[in-house]
Amino acid sequence: MVRARRDKPSVFKRVLLWLCRLVGYRDLFAVVLSFLMLWFLPASGLCVPAGATFSCDSAFGSFLAGITLNVVLLSAFTGLPVLLAIPGALMTVIDFGGWLNRRRERKSADS
């Protein structure tokens, strides 16, 4: 059986996919981390929830709470970080699928 030849993607396509991965993974990490920090700040005792904000004893806790609330509120009202995180989630699924295919091919080649 003759396999169809797969051409290598152009340089432009590879650079575009690389930038999509870079921006998507970074924003996916930022959004997920900020939502996790909403749970972590009160659980760790760094900050205490005070209505729609946090009351923190230390400057570091205030810094973390400020960044966390900025990302969460920006995500809730504009959706921009979430929209930028969607390519990261798609690239994660695509890369995971490719990893599974390569693993399956290696196992079948070893057998």
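Shown above is the structure to which this text applies.
S.K.: Help me get a handle on the overall build of the chain, residues and values and all.
M.R.: Along the chain, the regular secondary structure elements total three helices and two strands. Taken from the N to the C terminus, the helices and strands of the chain come in the order α-β-β-α-α. For 111 residues, the compact-globule formula gives about 13 Å, and the C-alpha radius of gyration of the chain, at 21 Å, lies well above that figure. Reported as C-alpha extents along the three principal axes, the dimensions of the chain are approximately 70 × 35 × 20 Å. With 111 residues in all, the chain has 19% of them scored as buried. Sequence-distant contacts, at least 24 apart, represent 56% of the contacts inside the chain between residues at least 6 apart. Counting only carbon and sulfur atoms, one obtains 69% of the accessible surface of the chain, whose full area is about 8,800 Å². Taking the 13 positively charged and 6 negatively charged side chains of the chain as two groups, their mean positions are separated by 10 Å.

S.K.: Would you mind going over the environment of Cys-56 in detail, with residue names and values included?
M.R.: Considering the arrangement of structural elements, one finds Cys-56 in strand β2 (residues 53-56). In this structure the C-alpha to C-alpha distance between Cys-56 and Phe-96, which are 40 residues apart in sequence, comes to 39 Å.

S.K.: Let's hear about the state of the cysteines: which residues, and what values?
M.R.: Using the criterion set out here, one finds one disulfide in the structure. Across a sulfur-sulfur distance of 2.0 Å, Cys-47 and Cys-56 are joined as a disulfide pair. One quick way to see it: the torsion about the S-S bond of Cys-47 and Cys-56 is about 100 degrees, and its sign makes the bridge right-handed. Cys-56 carries the same exposure label as Cys-47, and that label is buried.

How each quantity is defined
- Residues numbered from 1 in each chain as written.
- Predicted model: local features only at pLDDT ≥ 70, side-chain atom pairs only at ≥ 80, totals over all residues.
- Heavy atoms only, no water.
- Helix = DSSP H or I, 4+ residues; strand = E, 2+ residues; numbered from the N terminus.
- Rg over C-alpha atoms; globule rule 2.2 N^0.38 Å.
- Buried < 20%, exposed > 50% of the residue type's maximum accessible area, 1.4 Å probe, protein only.
- Contact = heavy atoms within 4.5 Å.
- Areas by Shrake-Rupley, 256 points an atom, 1.4 Å probe, with all protein chains shown as cover.
- Lys, Arg positive; Asp, Glu negative; His and termini not counted.
- Charge placed at Lys NZ, Arg CZ, Asp CG, Glu CD.
- Disulfide = S-S within 2.5 Å.

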